[in-house]
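# Understanding the architecture of this molecule
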Amino acid sequence: MTEIGDLSATVAIVTGAARGQGAEFARVMCERGASVLLTDLREDEGEASAAALGDRAAFVPHDVADPRAWTTVVAAAEERFGRLTALVNNAGINRPATLPETDDENWSLHLAINQSGPFYGMRAAAPAIERAGGGAIVNICSGSALHGSHRFFAYSATKWALRGMSRAAAVELAPRGIRVNAILPGLVETPMVSEVGFQADAATLAKIPLGRLATPADVARAVAFLVSSESAYLTGAELVVDGGMFA
Ligand SMILES: NC(=O)c1ccc[n+]([C@@H]2O[C@H](COP(=O)([O-])OP(=O)(O)OC[C@H]3O[C@@H](n4cnc5c(N)ncnc54)[C@H](O)[C@@H]3O)[C@@H](O)[C@H]2O)c1
């Protein structure tokens, strides 16, 4: 009998896995027995993150905004690990700007990486996951897809879109044995959160009922659950991992 939390049957692609949450998702999944292909634009950090996880992890350089690159990445996962059963669309950017400040470049960059990236990923991975007999896709959205985030105009637009894409894909891919769920993290201690100007100061912590930022491990456990058979009857669902911030 399979133990609860066991991911030894899982072969996953995790995008944006060089650092931050993606690196932790890969680590927690490998710890539970999965094989993981880490991908990212950041080659040195990505190679180092994969090397630290041993033989069941590998790294491939990847720009999620390039649809052709996805063919190579899915083929690399199947070649290296024999099949593909899971995709975690985690790569993302946040370049803060209010609506009037949002220039064409800022808008296009968010759309290309945060919205088109997961679209290309789901489109490329679905046939491979189906070939493997089914599996799961997890899309990393944001608490910014629950309300109107000040200064995050383009970012919010893409994360709201990804919620919708997750639900549409869940309905369409269920008959093919593929579950699609979304995770909406609150504030997570990663380079991104400090780069956009959040600090764990009293004003920020006062907005979080559990009284602390999330660690990447808090979110990684939700990802592990959603790719595992423990969540076999969840699809089109949204897990808000925010310490109660948007409760
Ligand atoms: N940190 C937070 O508080 C928070 C909250 C909610 C949602 N998120 C989401 O979580 C995900 C991970 O963010 P993080 O906090 O770990 O940030 P991070 O900046 O630490 O990591 C993001 C990773 O994505 C990679 N990336 C960026 N553009 C890419 C591209 N075109 N192709 C491939 N890789 C690319 C980066 O190189 C980086 O390694 C993002 O989708 C982010 O929007 C973060």
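In short, a report on the structure.

Cut-offs applied
Residues numbered from 1 in each chain as written. Predicted model: local features only at pLDDT ≥ 70, side-chain atom pairs only at ≥ 80, totals over all residues. Heavy atoms only, no water. Core = buried A, V, L, I, M, F, W, Y, C linked by side-chain atoms within 4.5 Å. Buried < 20%, exposed > 50% of the residue type's maximum accessible area, 1.4 Å probe, protein only. Helix = DSSP H or I, 4+ residues; strand = E, 2+ residues; numbered from the N terminus. Contact = heavy atoms within 4.5 Å. Pairing = 2+ DSSP bridges. Axes fitted to C-alpha atoms, helices over the stretch in contact; angles between N-to-C directions. Salt bridge = Lys/Arg side-chain N within 4 Å of Asp/Glu carboxyl O. Near = heavy atom within 4 Å. Polar contact = N/O pair within 3.5 Å; in protein donor to acceptor, adjacent residues only side chain to side chain. Areas by Shrake-Rupley, 256 points an atom, 1.4 Å probe, with all protein chains shown as cover. 1 Å grid on protein atoms, 1.4 Å probe; cavity = no way out; pocket = protein on both sides within 12 Å on 5 of 7 lines; lining within 4 Å. Sits in = over half its atoms within 2 Å of the grid points. Nonpolar A, V, L, I, M, F, W, Y, C, P; charged D, E, K, R; others polar. Phe/Tyr/Trp six-rings, centres within 6.5 Å; stacked < 30°, edge-to-face > 60°.

## Section: the nonpolar core
Judged by nonpolar contacts, the single largest core of 33 residues is most densely connected at Ile-13, Leu-37, Leu-84, Ile-137, Leu-173, Ile-178 and Val-180. When contributions to this core are tallied by element, the ones reaching two or more residues are strand 1 (11–15), strand 3 (57–61), helix 3 (67–81), helix 4 (104–131), helix 5 (153–173) and strand 6 (178–185). With seven residues, the single largest contributor to this core is helix 4. When neighbours within four sequence positions are excluded, Leu-37 is seen to be in contact with Ala-12, Ile-13, Val-14, Ala-58, Phe-59, Val-60, Val-73, Ala-76, Ala-77 and Phe-81. Residues Ala-17, Ala-26, Ala-34 and Ala-214 belong to the second largest nonpolar core, which totals 30 residues.

## Topic: the sheet that holds strand 5 (residues 135–140)
Spatially, the seven strands line up as an open sheet ordered 3-2-1-4-5-6-7, and their pairing is parallel. A single partner strand is all that each edge strand has here, and the edge strands are strand 3 and strand 7 (238–241). The mean inter-strand angle of the sheet, taken between neighbouring strand axes irrespective of direction, is 20°. As paired strands, strand 5 and strand 6 are joined by six bridges and run parallel to one another. Paired with Ala-136 across the bridge in strand 6 is Arg-179.

## A look at unusual backbone geometry
Although it is not a glycine, Arg-151 adopts a positive phi angle of roughly 75°. Along the polypeptide, Arg-151 turns up in the loop between strand 5 and helix 5.

## Comments concerning the pattern of salt bridges
Oppositely charged side chains can form a pair if their charged atoms are brought close together. Applying the stated rule across the entire model yields eleven salt bridges. A salt bridge links Arg-212 to Asp-218; the nearest nitrogen and oxygen atoms lie 2.7 Å apart. When its relative accessible area of 18% is taken as the criterion, Asp-218 is described as buried. Salt bridges linked by common partners bring Glu-24, Arg-27 and Glu-31 together as one network.

## With respect to the site of the ligand
Around the ligand lies a shell of 28 residues, among which Arg-19, Asp-40, Asn-90, Tyr-155 and Thr-190 are the nearest. In the environment of the ligand, an oxygen atom lies 2.7 Å from a nitrogen or oxygen atom belonging to the side chain of Arg-19. Within the side chain of Lys-159, an N or O atom sits 2.9 Å from an oxygen atom of the ligand. When the ligand is considered free in solution it has 820 Å² of accessible area, and contact with the protein chains removes 96% of it. When atoms are counted within 2 Å of each cavity's grid points, the one that captures over half of the ligand is the largest pocket. Per-element tally for the shell around the ligand: the top contributor is helix 6 (residues 191–195), with three residues. Here the shell around the ligand is built from residues that sort into 14 nonpolar, nine polar and five charged.

## Section: the packing of aromatic side chains
This structure, assessed with the given rule, holds four aromatic pairs. An angle of 45° between the planes, with centres 5.4 Å apart, marks the rings of Phe-119 and Tyr-120 as tilted. According to the relative accessible area criterion, Phe-119 is partly exposed, its value standing at 38%. Residue class for Tyr-120 comes out buried when judged on its relative accessible area of 17%. Their ring planes at 80° and their centres at 6.2 Å tell us that Phe-152 and Phe-198 sit as a pair that is edge-to-face. Of this pair, Phe-152 sits in the loop between strand 5 and helix 5 while Phe-198 sits in the loop between helix 6 and helix 7 (202–205), and the two are 46 residues apart along the sequence. What makes Phe-152 buried here is its relative accessible area of 7%. Assessed through its relative accessible area of 29%, Phe-198 is described here as partly exposed.

As far as function goes, none of this settles anything; it's purely spatial.
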